[in-house]
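# Notes for the structure review
So the chains spell out like this:
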Amino acid sequence: MTRYLLILISALLAGPVLAEEGTAFFNLGGDVFRAGQAVSHEDAGADDLFMAGEKVTTRADVSGSAHLAGREVTLEGAVGGDAYLAGDNIHVTGSVAGDLTMIGRDLTAGDVSGDLRAAGQTVNLTGNIGGYAMIAGEHVTVNASVAGDVSLAAETVDWGEDTVIAGRLILYEEEPGEIDVPVSVASADRVERREIDDWDGPQAPGWGRAILWFITGVIVVAALAALIAALVPGRLAEMRKQLLARPFRTLWLGFLAQSTVIGAAVLFAMTIIGLLLSPAMVMLALIGGFAGYVVSAYSFGVGLLLAFGTKEPDSIGDRALAAAVGALAAGVIGLIPFLGWLFVLALVLAGVGAITERVIRPVFFAAGDLKE
């Protein structure tokens with residue numbers, strides 16, 4: 001989980017750079033970090049690899065582990081350790097010496113010397129697996145040999161002519177017995193059938209689950225924004241007015257604040273004693289980014305309501321409505337490929353900037369006359 005947080009934070013810091021150069025990156029102690037719209041890794045010598053973007057491609061070998069997140073993820077180079085991939089369309093043709101874990105919509109996995117854990121709407125297994133395989137999906141195609149056990153939850157399964165399972169095959173079905181298993185794949189005495197409700201592995205992200213996640217995220221952001229508006233309405237109003245009045249200034253200040261925190265984490269990591277503080281700085285950046293998004297979502301909701309002629313929120317109900325409108329609108333816009341990601345990134349940084357200015361204003365800024 002910590003490694004995925006580093007990916008996300010790297011993406012946050014890339015925002016202003018992306019507008020000019022398209023990609024942000026840095027190397028640290030042999031590890032490689034990449035973030036941008038379309039990012040690729042083609043240079044040999046990387047230990048651990050962290051990449052995030054709209055389209056992520058790695059063609060060079062990695063001696064350590066690989067951590068990739070994006071809408072379209074392609075892994076062509078060999079990975080000497082474990083690989084963790086998340087996205088919409090994931091295609092793995094390079095070999096993975098360790099374990100492969102991936103979650104998305106359309107997944108394809110090649111050779112894996114260790115274990116495979118995959119959850120997607122469509123899962124295609126084309127390479128051989130040296131350990132066990134745990135697969136969840138609506139439509140699964142297996143055309144490979146698996147040295148260990150296979151736990152499989154799927155609506156339909158296509159068995160390729162090269163499929164051989166050396167261990168047990170545990171099938172989780174709506175109606176036990178509905179999936180046919182050729183003897184060439186696994187003998188009947190090694191096939192175990194269970195109810196789908198007993199499945200406790202990774203869940204395939206279908207439309208229903210995606211909608212549930214989206215609604216849950218909107219509710220959480222709206223609830224937090226409404227709570228803050230109820231507890232400290234004056235301070236939130238001050239940040240909201242500052243953000244709406246000077247959006248580019250708060251965006252730039254937010255970028256500087258996040259850069260400072262992450263830069264401090266990198267500097268701490270270069271020392272033995274300070275290395276212990278790096279995780280705390282990373283966590284601070286993550287919490288700050290989420291808080292910035294909540295503040296921006298609320299401000300966005302107020303701005304939308306004001307644009308339609310409503311009055312400024314002066315009650316808990318009005319503020320809760322603004323929080324809900326902003327969270328929903330931001331969530332919907334965030335679904336737009338690439339542009340939505342940039343919009344959410346701008347919200348995060350602008351919110352961080354508004355919070356930062358509210359904190360340091362007594363020292364660096366003249367007090368403004370901003371009262372709800």
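Throughout what follows, the structure given in this document is the object of discussion. Keep in mind that this is a model prediction, so the values were computed, not measured. (Residues numbered from 1 in each chain as written. Predicted model: local features only at pLDDT ≥ 70, side-chain atom pairs only at ≥ 80, totals over all residues. Heavy atoms only, no water.)

### So, the pairing of strand 6 (residues 100-103)
Burial along strand 6 is one-sided: Leu100 and Met102 are buried, while Thr101 and Ile103, pointing the other way, are not. Where strand 5 (residues 83-92) lies against strand 6, 4 bridges are found, and the strand directions are parallel. Considered in strand 6, the bridge of Tyr84 is made with Thr101. For strand 6 and strand 8 (residues 116-125), the ladder comprises 4 bridges, and the chain directions are parallel. Along strand 8, the bridge assignment pairs Met102 with Ala118. (Buried < 20%, exposed > 50% of the residue type's maximum accessible area, 1.4 Å probe, protein only. Helix = DSSP H or I, 4+ residues; strand = E, 2+ residues; numbered from the N terminus. Pairing = 2+ DSSP bridges.)

### A word on empty space enclosed by the protein
Summed over all chains, the structure comprises 1 cavity of 30 Å³ or more. As a volume, the largest cavity reaches approximately 40 Å³. What lines the largest cavity is Leu125, Ile135, Val142, Val146, Val150, Leu152, Trp159 and Ile165. Put simply, the parts of the chain that give the lining of the largest cavity at least two residues each are strand 9 (133-142) and strand 11 (150-159). Top contributing element to the lining of the largest cavity by residue count: strand 11, with 3 residues. Of the residues assigned to the lining of the largest cavity, the class counts are 8 nonpolar, no polar and no charged. (1 Å grid on protein atoms, 1.4 Å probe; cavity = no way out; pocket = protein on both sides within 12 Å on 5 of 7 lines; lining within 4 Å. Points joined across faces, edges and corners; volume = space filled by probe spheres on them. Nonpolar A, V, L, I, M, F, W, Y, C, P; charged D, E, K, R; others polar.)

### Comments concerning the environment of Gly217
You can see Gly217 is positioned in helix 2 (residues 207-231). Classification of Gly217 by relative accessible area gives partly exposed; the value is 32%. For Gly217 and Ala327, which are 110 residues apart along the polypeptide, the C-alpha to C-alpha distance reads 8.5 Å.

### Looking at the packing of aromatic side chains
Taken as a whole, this structure holds 3 aromatic pairs when the rule is applied. Aromatic side chains Phe300 and Phe343 sit 5.4 Å apart centroid to centroid with 65 degrees between the ring planes, which places their arrangement in the edge-to-face category. Here Phe300 is found in helix 5 (residues 278-307), whereas its partner Phe343 is found in helix 7 (residues 339-364), with 43 residues between them in sequence. (Phe/Tyr/Trp six-rings, centres within 6.5 Å; stacked < 30°, edge-to-face > 60°.)

### Points about a negative patch on the surface
There is a patch of like negative charges on the surface, built from Glu155, Glu174, Glu175, Glu178, Glu195, Asp197, Asp198 and Asp200. Among the structural elements, Asp197 can be located in the loop between strand 14 (191-195) and helix 2. Here Asp197 falls in the exposed class, since its relative accessible area comes to 71%. (Patch = residues over 30% accessible without salt bridge, like charges linked within 9 Å, V, L, I, M, F, W, Y side chains within 5 Å. Areas by Shrake-Rupley, 256 points an atom, 1.4 Å probe, with all protein chains shown as cover. Salt bridge = Lys/Arg side-chain N within 4 Å of Asp/Glu carboxyl O. Lys, Arg positive; Asp, Glu negative; His and termini not counted. Charge placed at Lys NZ, Arg CZ, Asp CG, Glu CD.)

### Quick look at the nonpolar core
Soluble globular proteins tend to pack their nonpolar side chains together in the buried interior. Grouped together as the largest cluster of nonpolar side chains are 46 residues, with contacts concentrated most on Leu85, Met102, Leu116 and Trp159. By residue number, the principal contributor to this core is strand 11, which donates 5 residues. In this view, Met102 contacts Leu85, Ile90, Val92, Leu107, Thr108, Ala109, Leu116, Arg117, Ala118 and Ala119; residues no more than four positions away in its chain are not counted. Counting 25 residues, the second-largest nonpolar core is a separate cluster that includes Ala229, Leu243, Tyr293 and Tyr298. (Core = buried A, V, L, I, M, F, W, Y, C linked by side-chain atoms within 4.5 Å. Contact = heavy atoms within 4.5 Å.)

### Observations regarding the environment of Ala86
Locating Ala86 in the fold gives a position in strand 5. Each C-alpha atom of the pair Ala86 and His67 lies 8.5 Å from the other, and the pair is 19 residues apart in sequence. Non-local contacts of Ala86, meaning those with residues more than four positions away in its chain, are made with Leu68, Ala69, Gly70, Val73 and Ile103.

### Focus: the environment of Gly148
Assignment of secondary structure puts Gly148 in the loop between strand 10 (145-146) and strand 11. Distance in space between the C-alpha atoms of Gly148 and Leu169 is 9.1 Å, their sequence separation being 21 residues. Setting aside its immediate chain neighbours within four residues, Gly148 contacts Gly131, Tyr132, Ile165, Ala166 and Gly167.

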